[in-house]
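# Structural features, examined
Chain by chain, the residues:
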Number of protein chains: 2
Amino acid sequence: MKATQPISYREIDITGGFWKEQQARSRAVTMPAVLARFRETGRFDAARCEPHWPEGKKPHFFWDSDLAKWLESAAYLLQKEPDPVLEQAAEELIAHIEASQWADGYYNIYFTAVEPKGRWQNRDHHELYCAGHLIEAAVAYYEATGRRRLLDCMLKYAAHIEKTFMTDGAAAFETPGHEELELALVKLWRCTGDARWLRLSQWFVERRGRCAGETAAMPDWQRPSYNQSHLPVREQRSAEGHAVRALYLYCAMADLAMESGDAGLRAACEALFENITEKRMYITGGIGSSHCGEAFTMDYDLPNETAYSETCAAIALALFCRRMSALEPDARYADTAERAIYNGVLSGVSEDGAAFFYENPLELRPALRRKDASVTRGERFPLTRRQRMFSCACCPPNLTRLVASFGDFLFTRDETTLYVHHYAGAKSEQIEMTTEYPRDGLVRLRLRGMAGRQAALRVPGWCESYHCDKPGSAVRGYYYIHVDSADFTVTLRLDMPPRLIYANPLLCGNIGRAAVTRGPVVYCLESVDNGENLRALSIPAKASFSGDFDALECDGHRLEGASGALYSPKPPKTLPQRLRFLPYHRFANRGECEMAVWLRVS
Amino acid sequence: MKATQPISYREIDITGGFWKEQQARSRAVTMPAVLARFRETGRFDAARCEPHWPEGKKPHFFWDSDLAKWLESAAYLLQKEPDPVLEQAAEELIAHIEASQWADGYYNIYFTAVEPKGRWQNRDHHELYCAGHLIEAAVAYYEATGRRRLLDCMLKYAAHIEKTFMTDGAAAFETPGHEELELALVKLWRCTGDARWLRLSQWFVERRGRCAGETAAMPDWQRPSYNQSHLPVREQRSAEGHAVRALYLYCAMADLAMESGDAGLRAACEALFENITEKRMYITGGIGSSHCGEAFTMDYDLPNETAYSETCAAIALALFCRRMSALEPDARYADTAERAIYNGVLSGVSEDGAAFFYENPLELRPALRRKDASVTRGERFPLTRRQRMFSCACCPPNLTRLVASFGDFLFTRDETTLYVHHYAGAKSEQIEMTTEYPRDGLVRLRLRGMAGRQAALRVPGWCESYHCDKPGSAVRGYYYIHVDSADFTVTLRLDMPPRLIYANPLLCGNIGRAAVTRGPVVYCLESVDNGENLRALSIPAKASFSGDFDALECDGHRLEGASGALYSPKPPKTLPQRLRFLPYHRFANRGECEMAVWLRVS
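An account of the accompanying structure is given in this report. (Residues numbered from 1 in each chain as written. Chains lettered and ligands numbered in written order. Predicted model: local features only at pLDDT ≥ 70, side-chain atom pairs only at ≥ 80, totals over all residues. Heavy atoms only, no water.)

### Looking at the pattern of salt bridges
Close approach of charged atoms lets side chains of opposite charge pair. Scanning all chains against the criterion turns up 116 salt bridges over all chains. For glutamate 72 of chain A, the salt bridge identified is with arginine 401 of chain A, shortest N-O distance 2.8 Å. A residue pair is termed long-range when its members are at least 10 positions apart, and glutamate 72 of chain A in helix α3 (residues 63–80) and arginine 401 of chain A in helix α16 (residues 395–404) qualify at 329 residues. Neither glutamate 72 of chain A nor arginine 401 of chain A differs from the other in exposure class; each is buried. One salt bridge connects glutamate 553 of chain B with arginine 580 of chain B, and the closest N-O pair in it is separated by 3.1 Å. Here the residue glutamate 553 of chain B occupies a position in strand β19 (residues 551–560), and arginine 580 of chain B occupies one in strand β21 (residues 573–583), the gap between them amounting to 27 residues. Using a relative accessible area of 34% as the deciding quantity, one classes arginine 580 of chain B as partly exposed. Salt bridges linked by common partners bring Arg266, Glu270, Glu274, Glu328, Asp330, Arg332 and Arg476 of chain A together as one network. (Salt bridge = Lys/Arg side-chain N within 4 Å of Asp/Glu carboxyl O. Helix = DSSP H or I, 4+ residues; strand = E, 2+ residues; numbered from the N terminus. Buried < 20%, exposed > 50% of the residue type's maximum accessible area, 1.4 Å probe, protein only.)

### So, the relation of the copies chain A and chain B
When chain A is fitted to chain B, the best match, at an RMSD of 0.1 Å, comes from turning it 179° and sliding it 0.1 Å along the axis. Given the turn and translation reported, the copies of this chain are related as if by a two-fold rotation axis. (Least-squares fit on C-alpha atoms with pLDDT ≥ 70 in both.)

### Side note on the sheet that holds strand β2 (residues 13–16) of chain A
Residue and element names in this part refer to chain A. Pairing is antiparallel in the open sheet, where six strands are placed in the order β2-β6-β7-β8-β13-β10. Either end of the sheet is taken by a strand with one partner, and the two such strands are β2 and β10 (466–468). For this sheet, the mean angle separating the axes of adjacent strands, direction not counted, is 20°. Sheet topology places strand β6 (residues 425–427) next to strand β7 (residues 431–435); two bridges connect them, and they run antiparallel. Counterpart to lysine 427 in the pairing with β7 is glutamate 432. (Pairing = 2+ DSSP bridges. Axes fitted to C-alpha atoms, helices over the stretch in contact; angles between N-to-C directions.)

### A word on the pairing of strand β14 (residues 499–503) of chain B
Residue and element names in this part refer to chain B. A large share of β14 lies buried, amounting to five of its five residues. Burial along β14 is two-sided: Arg499, Ile501 and Ala503 facing one way and Leu500 and Tyr502 facing the other are all buried. Examined bridge by bridge, β14 and strand β15 (residues 513–518) share four bridges and lie antiparallel to one another. What sits directly across from leucine 500, in β15, is valine 516.

### Some details on the interface of chain A and chain B
Taken together, the contact pairs 71 residues of chain A with 71 residues of chain B. Scanning the region where chain A abuts chain B turns up zero salt bridges. Where chain A touches chain B, the interface holds 15 residue pairs in polar contact (both at pLDDT 80 or more). When residues of the side of chain A that touches chain B are traced back to their parent elements, those giving at least two are α12 (263–279), α15 (366–369), β14 (499–503), β19 (551–560), β20 (567–568) and β23 (598–601) of chain A. Sort the elements by how many residues they give to the side of chain A that touches chain B and β14 of chain A lands first, with five residues. Here the residues of the side of chain A that touches chain B are counted per class, giving 34 nonpolar, 20 polar and 17 charged. Bridge analysis of β20 of chain A against β14 of chain B gives two bridges, and the strand direction is antiparallel. Pairing of serine 568 of chain A across the sheet is with tyrosine 502 of chain B, part of β14 of chain B. (Contact = heavy atoms within 4.5 Å. Polar contact = N/O pair within 3.5 Å; in protein donor to acceptor, adjacent residues only side chain to side chain. Nonpolar A, V, L, I, M, F, W, Y, C, P; charged D, E, K, R; others polar.)

What follows is the structure in C-alpha cells.
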C-alpha cells in the first residue's frame, strides 16, 4: 500500500473546541512560563556559549535541546499569529546560536562553554540529540517565518556532522547515544530537497546495532538495548531501553520507510508498534514503566504506582503513530496516538498551564512518599505535585510543540482520498471540521472542491456504535465515503458512553480491576472526591454513569474492616459509596491526594 | 498480675509428632550442614583469631555470632542426646575462643584478627551483639553439659564490658548498635545469680535513646530509629527500625519487666506488641517489610512481593512473645508466637533441612528477577531458590537453636497453675502431652502429682470451636481446669477446618483478597501445582476444602483474557480451576516457581 501525504499544521487552523482551548492556554501561559524558567535557570543566556556563567547555572549538555524545542514551539505559534514578544525572544536566541557557532559548523552549548575539548568524545552526552532538536527548530522556524538564518546555521552544522561521522569517521562513536537527529534529518531533506540529509539519516539508522565498540563502552548500568543498539534496527521486534530514544528512532524508521518504501524497515516498525501496544503500554498511552533508564522493561510489566511513563515518551509514541498513520491508514495507529495524547501526554501539564509532570503514574499514594527514606526498599515513587521549576526540562517544551502543531495530526491525503485521523475544530482552504471532540463524538465535516474524491473518517477502536449521514464502507477503522459535490458536508456521530475497560490478566497488577473510559479519555479517582484509601473502592461491572466529560459519577462500594484487626476471618464490610471520576489528564490539580486509574470490579 | 515461671526445655523431651520430626531433621541434617558451611567459609577456624586467613576468608565482624548460635544449638542437642562428633566440634570451638581471648577478657574475631586497634570504636560493628550471642551460648552450654570453660570466659568478657561501658565509659559509644547483649545478660544473671549482670542489662536498656552523641554519628542512610535509639525505650510505642534488633531489645525489656515488675517497661512492651500485631506484621508472622535496613516501615505497609520478613526477625518475634506469655497468660502472645513459628520461621529452611531463606516473601514471581538489571526500578526481589551457601549466615543457626529449644515455648507455671502455651508431643517428669498438632487439633495431656492445681490450656485465637472433656472456664484465651487427681488426664479438641482470612482493607495490597489457613498454619499456592500467573486465580468466599495438613484443595477460578489485547471492554473469561494449597512454610521446595499467599475472593 502506498503511503499517504501529511497535511501540515500550516495549512490547518484550529478554530474551536477542545484543541483551541489547549492551544490558547499553551500560547498564553505555558510558553511564557517555560521561557521565564529558561531565563531564570540560565538556559537562555547559555546559548551564547560563554565560558563563564553565573553560579549554579553551569550549562548542562542537554540544554540546547530544551531551547530548541521551545524555539520550535515558537515557530508553530508565530506561523499562526504575530507575537512580538515571542518573536523577539526567538530572534534573540537565534542570534546567540548564530554568533556562537564554530567556524566548522559545530554548535553545542556545553561543549563550547564548558568542555570545548570534549567534542564528539562521549556518545552519551547528547550532542547529536541536541543537533537534531536544533535542526527541527530551524526547519520549523524557516517554514513558519521564511527566515533562513537558523536554517543556514543548521545546514552548516549538518554538513559538519556528515563530514565528521559519515565521511571521516572522526568521532569517538558512530551513532547517536540518544536518537533524534535521524528524524530531524528527514525533516531537513523534506524542507530542502537535498538528498544528502536523507542519506545521512539512513546512515545513522542503519549503523545502529552494528558498532560493537560503541556498546562495549557503555556504562555498567546500561545495556546496549538502553539506546536500541542491541540489534540492527531491521531485526528489532520488541521495544527496549529508554522509551523516548526508542520512539524517536522508530519515528525515523517510519519516515525512512515512507520515503524509500523499504519493506524491512516497515516490518520492524509494525512489529515494534504491536509489541508496544499489545504488551508494554499503559492504558494512558504511557510507555517506559521503569524510572531506571526511563525504560521499557518486559512484557506485561506495567506497575501502577511506580510507573515512570514520561510525558516525552507518550509524546514520542504519538509522533511515531502519526507517521504510521500516514504510512498506512489503519485506525490502530491513530487510536494509539489519541490514547497517548488525551491521557499520558496532556496529564503532563497542570490545569493552569504552568506546572508539569515528568512522570505520569497510574496510581498515587502520597503516604508512601512520606516513608522514612531509610526504609523505602529502594523504591522510588513519582512526585505527587506538579513542578513549576525543573532541572531536566525536556517535557514542558515538548508539550508546547505538540500542542502548537496538533494540526499535523489531523489529516493525510493521497490522490483519491482525504484521511481524517483525528477530530478537532479546524479549518483549511478546503476543509472545515466542527466538533467538541473529545467532549462529545459529534463531528461535522465540510469539504470544498473535492468532488469525486473520497473522505475516510476514522472510527476509533473504542467506538462500538456510530452513525454517519452519508453512505460508506468501513475498512480497517476508516469509514470511506464518496464526496459527491463541490461543497460537501458529512456528519459523523461517534457514540461515547462511559464504559469499563479490563486489562489482560497477564497484566497482573490489574487483575480483577477495570478502568473507566469515555471515548479516548481514561478517567481516574482522586481522594479529594472519594476519600482516602482508593484501593478500598470498587465499581459494579454494570455501573450506570451520570455526569459529563468533566466528571463522571456512578454508584460503587467501599470495603471497611470488620474490626480493627489486621487479619480476620470476617470479610470486610461492603458499604455503598458514590464514586466520582475525572479525566486522568486532569489529575493532581487540587493539592496532594491519592489517585487511581484502576479499581476493583465488584 | 504476677509473672509465671518458665519451664526449661531441659525438663521437657519432645517425644513425637510434628516437632519430633523437626528436631530430628535439624539434628541430622541442618546442624551438620551449617557446620560444614562454617568450616568451608573459614568461619570455624576464624575463631582462633589468627592475623592471617586463607584468601577470600577474611573474617567479618559478625562471624562470632554465627558460631555462637551454632554452639548454642549444639548445647541444646547435647543436653538431650550424646553426639561425639557434635561435642568434639563444640569443644574445639570453645578451645579456640578460650585460647584467643584477650587478657582483659575481650573476645572478638574481627577486632582481634583483622583490626585489633578498632576495639569498641564503632557502634555499628556488632562487638556487643557478638558478645551477647557468645554469652547465650556459654549459658546454654554450661546448663546443658555442666562444663564451665566457656561460661568462665564469658564471665570474664562480661566483666570487661561492664568496666568498659558502665564503669569507665571508655568506649566510643554507649549502647549496642545491634541489641542482643541485653537479653543475654539477663540469661547470665539467671544462670549465675549474680545481680551485676542484671544491672548491666538494665543499664544498657535504659541508656538507649538517651545518648545524643551516638545517634548523631549514625550513617546517613540510617536514622536513630534504625537501632531503636530514637527514644528512651519506655517511651517507645511503635516498632521501628531493624526488626531483629528491635525484637531482641523488646525481649530484654520483657525480661527486665519480669525480673523487676517494672510497669513502665511492661507497658512499653505491650504497646509495641500491639503496634506490631495490629499494624506491622505479615499474616505469616513475618516482620520488617523493607530490605532497606531490614526494617519496619510504617503502619499497614506490608507489600507481598518485596517483603523482607527475615527468618531471624520472625524468630525474634516468637522469642519476644514467649517472654510476654510468661509475663501474662493472655493467648494473644502465644497466638503470635505460633503464627511466626509455623509460618515465617519454618519457611526459612528447606524440606531437606539443608537450604535456607533469609527473606520470606508472601509472593514470588520469578519472572521479575529475570528483568534486565538496568530497569528494575531500584526494586529488589527476594530470592526464589533456597541457598545452601550464604555470606550473612545469621538465620540458619538461629533456626537450629529455636528448633532444638522449642521445649522452652511449651509451658510456664506459677504456684497454682500450669500454663500450656503450645502443643507438641512432649514429656517431662510430671507432664505428658500427646498430639499431632498442628497436623490436627487433638491434644491429650496427662499430669502426674499435680492434684489440687489448675491446668490452663491455650485456646488459640484462630479456634472457633473446641471441646474439652473436663469442665473449665476460659479467660483471655486459656481454658482453666481443675486437676483433681494425682494422675490426671484431659483431652482437648481444637477444631481446625480450613478457612479464609481477610486482611484489614487498610492493608491495601490485599484488598479483595483472602489467605487460606488451617489452625495456625497459613497456606499458599505454587505455580507448579496451579499453573503460571497465580494472580489470575480466585477462591470463592464459601470455598469447600478437601485434603489434609499437607495439601488442601478447593474449587476456584482462573481469569483468562477474552482476547490477546492488552485492554478490552470485554471482561476476562472466568474458568473453573481446582486450586491446590500447601503450607506456606513448605514453599519453594520443588524448583523455582511462582508462589502466592493472598488470592482474590470471587
